[in-house]
Amino acid sequence: KTVNGGTPMVLEDRAWTAKNLLSNGQIAKVVASGTDLAGTGTTEASLVAQVLMEQGITKESIIQEPEATTTAETLWFSLRWLPEGTGKIYIITSEFNMP
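Positions within a chain are numbered from 1, following the residues in the order the chain's sequence is written. Given that this is a predicted model, residues contribute local features only at a pLDDT of at least 70 and side-chain atom pairs are listed and counted only at 80 or more, while totals for whole chains, interfaces and linings are drawn from all residues. Remark: hydrogens and water are excluded; side-chain values derive from all non-hydrogen atoms of the structure.

Peer 1: Can you explain the nonpolar core? Please cite residues and give values.
Peer 2: Counting 14 residues, the largest nonpolar core has Val30, Ala32, Leu52, Ile57 and Ile62 as the members making the most contacts within it. Working definition: helices are DSSP H or I runs of at least four residues, strands are E runs of at least two. Numbering for both runs from the N terminus. Put simply, the parts of the chain that give this core at least two residues each are helix H1 (9–23), strand S3 (30–33) and helix H2 (44–54). The dominant element in this core, judged by the number of residues it contributes, is H1, at 5 residues. In contact with Ile57, other than residues within four places in its own chain, are Ala15, Ala18, Lys19, Leu22, Leu52 and Ile62. For the purposes of this section, nonpolar cores are sets of buried Ala, Val, Leu, Ile, Met, Phe, Trp, Tyr and Cys residues that join through side-chain atoms within 4.5 Å. Relative accessible area decides the class of each residue, using a 1.4 Å probe on protein chains only: under 20% of the type maximum gives buried, over 50% gives exposed, and in between gives partly exposed. Any two residues whose heavy atoms approach within 4.5 Å are treated as being in contact.

This is the structure we're talking about:
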């Protein structure tokens, strides 16, 4: 499903969740991830970042990770941005991405 024939609803839902976590001070940054599996020249990370900014999340709050092809890879590649001693992280994904 898409919003107004454009952005997939699943990305809108994820962006809304991220915005709420940021607004409540539960997270400091959002990692937008995903490579260009379709070969279109645009990564999923850049599309997700665009949706996040449309939801009002500042560019400075978004980290783009353009290499991951799975949720597990997103977590692995994102470790480099986690401050030492981070107690917990939030994974904002969809049920169909989880085994």
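Peer 1: I'd like a description of the layout of surface pockets, backed by residues and values.
Peer 2: A volume near 1,100 Å³ is recorded for the largest pocket. A cavity, in this analysis, means grid points on a 1 Å lattice covering only the protein atoms where a 1.4 Å probe fits yet has no way out; a pocket is instead an open set bounded by protein on both sides within 12 Å along at least five of seven lines, and a residue lines either one if it has an atom within 4 Å of a point. Lining the largest pocket are 42 residues; nearest its centre among them are Val31, Ala32, Thr74, Tyr90 and Ile92. Looking at the lining of the largest pocket, the elements with two or more residues in it are H1, S3, H2 and helix H3 (71–78). The element contributing the most residues to the lining of the largest pocket is H1, with 6 residues. In terms of residue class, the lining of the largest pocket is built from 26 nonpolar, 12 polar and 4 charged. Grid points are joined across faces, edges and corners, and a volume is the space filled by probe spheres set on the points. Classification used: nonpolar for Ala, Val, Leu, Ile, Met, Phe, Trp, Tyr, Cys and Pro, charged for Asp, Glu, Lys and Arg, polar for all others including Gly.

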